[in-house]
Amino acid sequence: MTTGTQPTVKARSWGAAGTLAALALLGAGYMARAAGAPPAAEAGGAGEAGRRWWAHVRYLADDKLEGRLTGSAGYRQAAQYVADRFREHGLAPAGTDGGYFQPVRFEVQQVVAAASRLALVRRGREEPLALGPDVLLGSRGPQPPTVDAPLVFVGYALHLPEAGYDDLAGQDLRGKIVVYVNGGPPNLSGALKAHARAGAEFAKALQQAGAAGYIGIPNPRSMDIPWARMMLAASQPGMRLAESALQDTRGPLFTAICNPAAADKLLAGSGHSLAELLALAGAGKPLPRFALAASLRGKVVTRLDRVEAPNVVGVLPGADPALRQQYVVLSAHLDHLGVGEPIRGDRIYNGAMDNASGVASLIEIARALAAGGKKPRRSLLFLALCGEEKGLLGSRWFAAHPTVPASALVADLNIDMFLPLYPLRYLTVLGVEESTLGDDARAAGAAAGVEVVPDRFPDRNLFVRSDQYSFIRKGIPALAFSFGEAPGSPEERMKKDWLTNRYHAPSDDADQPVDLAAAAKFNRLMLALALRVADEDARPTWKQASFFRRFAQPGGK
Ligand SMILES: [Zn+2]
């Protein structure tokens with residue numbers, strides 16, 4: 001089953017010989033193997049680099065660490081493991097405690113569904129909504145204890161006046177609950193739609209318009225996980241940063257999502273059906289906006305708690321006397337979902353691909369740099385983050401309170417669930433069109449024989465679904481990466497199956513088929529990209545046409 005070759009390394013792309021030595025070490029013993037067999041059985045053929053990477057994944061995704069929930073003992077043990085590896089590979093501590101840790105404080109919110117209730121009110125009569133099968137209450141932001149408000153459908157609820165698009169324009173939303181379908185018109189970029197839908201941006205637009213809350217209806221075409229599993233996940237606690245200035249909302253905002261299969265309960269009497277709205281969305285046509293024939297009434301019971309958890313920060317100081325004051329960040333979130341509702345008897349959400357895999361890549365990149373012995377011109381900052389699964393919180397904290405001067409952060413390369421399920425031929429790079437980092441990614445990809453492709457599923461909102469977005473919000477050019485695939489290919493099916501069956505499920509554990517050689521190749525490519533960005537004369541810049549450039553400008557939002 002094993003075929004494979006060492007990809008060609010072009011010396012010109014990466015400069016010095018020491019760099020090449022580091023790359024060679026990262027890829028030592030590289031041999032491709034077909035995905036499908038459990039990695040343990042194939043470890044002998046996967047090569048040193050792939051096996052070392054996998055050993056970190058195994059440690060971090062072990063049942064003993066209980067799914068690394070932010071604030072848990074398992075998370076702390078994982079953080080200690082990462083700090084120890086950072087030290088072992090010569091990274092200097094860059095936390096706030098003189099060591100590798102940057103503590104972050106959180107509020108934890110548990111929605112008590114059993115004590116909460118919701119009903120539609122139509123002509124004075126209450127029609128109960130089933131919490132779980134019909135509607136799930138949001139757990140992250142502060143919920144109002146009671147709700148009694150009219151419902152209004154506003155298309156995609158996207159507020160992007162800068163891009164000439166605004167579903168909220170001309171609507172009186174004061175005191176109302178906004179109902180919308182996830183997604184957006186095809187002429188807006190995925191990055192832009194994702195940005196308008198991001199927690200802070202979306203909540204701000206709605207609260208400025210005076211809305212009392214929102215109910216989102218996922219589009220079945222872009223749902224990663226089926227409703228049944230979303231119901232199981234709803235019992236997990238939500239979190240927000242304890243620092244109120246860094247929270248999404250200003251005061252309570254009612255938030256919920258509605259099962260698409262139950263959405264016609266909301267729409268009944270309006271003259272519209274979900275099937276009709278989804279057909280319009282699917283055809284790229286504008287969605288209507290209209291008042292719903294029902295209002296929403298109910299009470300929401302939540303329980304509050306507090307926890308603390310650290311980001312883990314290490315730095316490889318740069319060699320250039322001037323440029324070493326600048327930092328290229330390599331980030332990956334360390335947290336996962338912890339212990340939750342059992343699926344097939346397993347309660348531990350191990351988070352092997354999400355995202356022990358990315359943290360393992362950070363460690364292996366640090367190892368290769370240490371072994372290669374040559375320092376890049378700029379400093380490299382290695383960042384293992386807490387709170388990602390709860391809303392990119394550890395990265396939001398770090399970006400607001402960096403442990404190096406904020407202006408010294410020049411780029412973020414974020415690795416989250418890159419999914420090495422099959423050989424690495426295509427790499428999806430989120431943000432590739434937004435900054436010069438995209439050009440660097442294309443060049444590093446080409447040198448490794450990997451084609452960089454844009455996000456083919458923009459409605460999944462991936463651009464705002466991992467930690468790179470916290471840096472983008474602070475004006476720092478950033479990218480995120482995952483394995484790509486050709487449309488209609490077996491690889492596309494494998495990825496879709498993985499998302500349906502393993503994503504945020506206990507089966508994302510160390511007993512799944514992973515292509516170790518492909519992971520090693522990915523790590524080598526990430527190292528090459530980091531070195532390229534760290535060694536260039538000029539720091540990365542946003543493209544003139546990028547929407548996100550505004551965050552880099554003084555006086556911008
Ligand atoms: Zn996740």
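Residue numbers here run from 1 along each chain, matching the order of that chain's written sequence. Where totals are concerned, whole chains, interfaces and linings use all residues; where local detail is concerned, this predicted model gives features only for residues with pLDDT of at least 70, and gives and counts side-chain atom pairs only at 80 or more. Hydrogens and water molecules were not included; the side-chain quantities draw on all heavy atoms of the structure.

J.: Report on the overall build of the protein, specifying residues and quantitative values.
T.: Helices and strands together make up the secondary structure of the protein, namely 16 helices and 22 strands. Relative to the 2.2 N^0.38 estimate, which gives 24 Å for 557 residues, the radius of gyration of the protein is 23 Å and therefore close to what a compact globule would have. With the C-alpha coordinates of the protein rotated into their principal frame, the extents come out at 75 × 55 × 45 Å. Accessibility here uses a 1.4 Å probe with only protein chains present; expressed as a share of the type maximum, an area under 20% marks a residue as buried, one over 50% as exposed, and anything in between as partly exposed. Counting over 557 residues, the protein shows a buried share of 59%. Here a residue-residue contact requires only that any non-hydrogen atoms of the pair lie within 4.5 Å. Once local pairs closer than 6 in sequence are excluded, the contacts in the protein between residues at least 24 apart make up 82%. Method for areas: the Shrake-Rupley scheme with a 1.4 Å probe, in which residue coverage is limited to the protein chains shown. Accessible surface, the protein as shown: approximately 20800 Å² in total, 54% of it carbon and sulfur. Note on charges: Lys and Arg go in the positive column, Asp and Glu in the negative column, and His and the chain ends are not counted at all. Note that the charge is assigned to NZ on lysines, CZ on arginines, CG on aspartates and CD on glutamates. Between the centroid of the 62 positive side chains of the protein and the centroid of its 54 negative side chains there is a distance of 2 Å. Helix numbering and strand numbering both begin at the N terminus, where a helix is a DSSP run of H or I of at least 4 residues and a strand a DSSP run of E of at least 2. Computation of the radius of gyration draws on C-alpha atoms, with the globule rule given as 2.2 Å multiplied by the number of residues to the power 0.38.

J.: With reference to specific residues and values, describe the coordination of the zinc ion.
T.: Looking at the zinc ion, the protein donor atoms are Asp-354 (OD), Glu-389 (OE), Glu-389 (OE) and His-504 (NE2), and they sit 1.9 to 2.4 Å from it. As a rule, N, O and S atoms within 2.8 Å of a metal are its donors, except that Na, K and Ca use 3.2 Å; water is not among the atoms, so sites may look incomplete. Angle rules define the geometry names used: all angles between 85 and 135 degrees makes four donors tetrahedral, while opposite donors over 155 degrees apart and all other angles between 65 and 115 make four donors square planar and six octahedral, leaving every other case irregular. One can describe the site at the zinc ion as irregular: its 4 donor atoms subtend angles covering 57 to 145° at the metal. Here the donor residues of the zinc ion share one chain and are spaced in sequence as D-x34-E-x114-H. Note that Asp-354 is positioned in helix 11 (residues 352-372) and Glu-389 in the loop between strand 18 (379-385) and helix 12 (393-400), a separation of 35 residues in sequence. A single burial state applies to Asp-354 and to Glu-389, both of which are buried.

J.: I'd like to hear about the pairing of strand 17 (residues 346-349), residue by residue, with values.
T.: Here a strand pair is declared whenever DSSP counts at least two bridges between the two strands. As defined by bridge partners, strand 16 (residues 338-343) adjoins strand 17 across 3 bridges and the pair is classed as antiparallel. Counted as the bridge partner of Ile-343 is Asp-346 from strand 17. Turn length for the strand 16-strand 17 hairpin, with the two strands adjacent in sequence and antiparallel, is 2 residues, and the turn residue Arg-344 shows positive phi of about 50°.

J.: Quick one: what's the story with the pattern of salt bridges, residue by residue and with numbers?
T.: Charged atoms that come close allow side chains of opposite charge to pair. By salt bridge we mean one thing: a side-chain nitrogen of Lys or Arg within 4 Å of a carboxyl oxygen of Asp or Glu. Taken as a whole and judged by the stated rule, the model has 26 salt bridges. For Arg-442, the salt bridge goes to Asp-439, with nearest N and O atoms at 3.9 Å. Of the two residues, Arg-442 and Asp-439 both sit in helix 13 (residues 436-447), 3 residues apart, roughly one turn of that helix. For Asp-439, a relative accessible area of 34% gives the class partly exposed. One network of salt bridges, in which partners are shared, links Glu-48, Arg-51, Arg-52, Glu-364 and Arg-367.

J.: Now, about the packing of helix 13 against helix 16 (residues 516-535): what can you tell me, with residues and values included?
T.: What counts as an axis is a line fitted to C-alpha atoms, over the stretch in contact for a helix, and the angles between N-to-C directions run from 0 to 180 degrees. One can describe the packing of helix 13 onto helix 16 by two numbers: an axis separation of 9 Å at closest approach and a directional angle of 135°. The angle between the axes of helix 13 and helix 16 places the two elements in the oblique class. In the crossing of helix 13 with helix 16, the sense of the turn from one axis to the other is right-handed. On helix 16, the residues touching Leu-437, Asp-440, Ala-441, Ala-443, Ala-444 and Gly-445 of helix 13 are Leu-525, Leu-529, Arg-532 and Val-533. Orientation labels follow simple angle bins: below 35 degrees gives roughly parallel, above 145 gives roughly antiparallel, 65 to 115 gives roughly perpendicular, and whatever is left gives oblique. Working rule for handedness: look at the near helix, and if it is turned counterclockwise from the far one by less than a right angle, call the crossing left-handed; if clockwise, right-handed.

J.: Could you give an account of empty space enclosed by the protein, naming the residues involved and the relevant values?
T.: Each cavity reported here is a set of points on a 1 Å grid over the protein atoms alone in which a 1.4 Å probe fits but cannot get out, each pocket an open set with protein on both sides within 12 Å along at least five of seven lines, and each lining residue one with an atom within 4 Å of a point. Grid points are joined across faces, edges and corners, and a volume is the space filled by probe spheres set on the points. One pass over the full model with this rule turns up 2 cavities of 30 Å³ or more. Considering only enclosed or pocket space, the second largest cavity measures out at about 30 Å³ in volume. Lining the second largest cavity are Arg-229, Leu-232, Ala-233, Ile-343, Tyr-349 and His-504. Here the lining of the second largest cavity gets 3 residues from one element, more than from any other, and that element is helix 8 (residues 227-233). Grouping the amino acids of the lining of the second largest cavity by side-chain chemistry returns 4 nonpolar, 1 polar and 1 charged. Split by domain, the residues of the lining of the second largest cavity number at least three in each of domain 1 (17-107 + 305-551) and domain 2 (113-300). Asp, Glu, Lys and Arg are counted as charged, while Ala, Val, Leu, Ile, Met, Phe, Trp, Tyr, Cys and Pro are counted as nonpolar; the rest, among them Gly, fall into the polar class. Boundaries between domains were set according to an automatic or database domain assignment.

J.: If you had to explain the domain arrangement of the protein to someone new, which residues and values would you point to?
T.: Under the domain assignment used here, the protein contains domain 1 (17-107 + 305-551) and domain 2 (113-300). Between domain 1 and domain 2, the C-alpha centre-to-centre distance is 31 Å. Contacts between domain 1 and domain 2 engage 44 residues on the former and 35 residues on the latter. Of the roughly 3300 Å² buried between domain 1 and domain 2, counting both surfaces, carbon and sulfur atoms make up 56%. Seen at the junction of domain 1 and domain 2, the total is 4 salt bridges. Two parts placed together each lose some accessible area; with a 1.4 Å probe, that loss summed over both constitutes the buried area.

J.: Talk me through the environment of Thr-146; I want residue IDs and the actual numbers.
T.: Inspection of the secondary structure puts Thr-146 in strand 6 (residues 146-154). In this structure the C-alpha to C-alpha distance between Thr-146 and Phe-254, which are 108 residues apart in sequence, comes to 9.0 Å. Excluding its chain neighbours within four sequence positions, the residues that come into contact with Thr-146 are Gly-298 and Lys-299.

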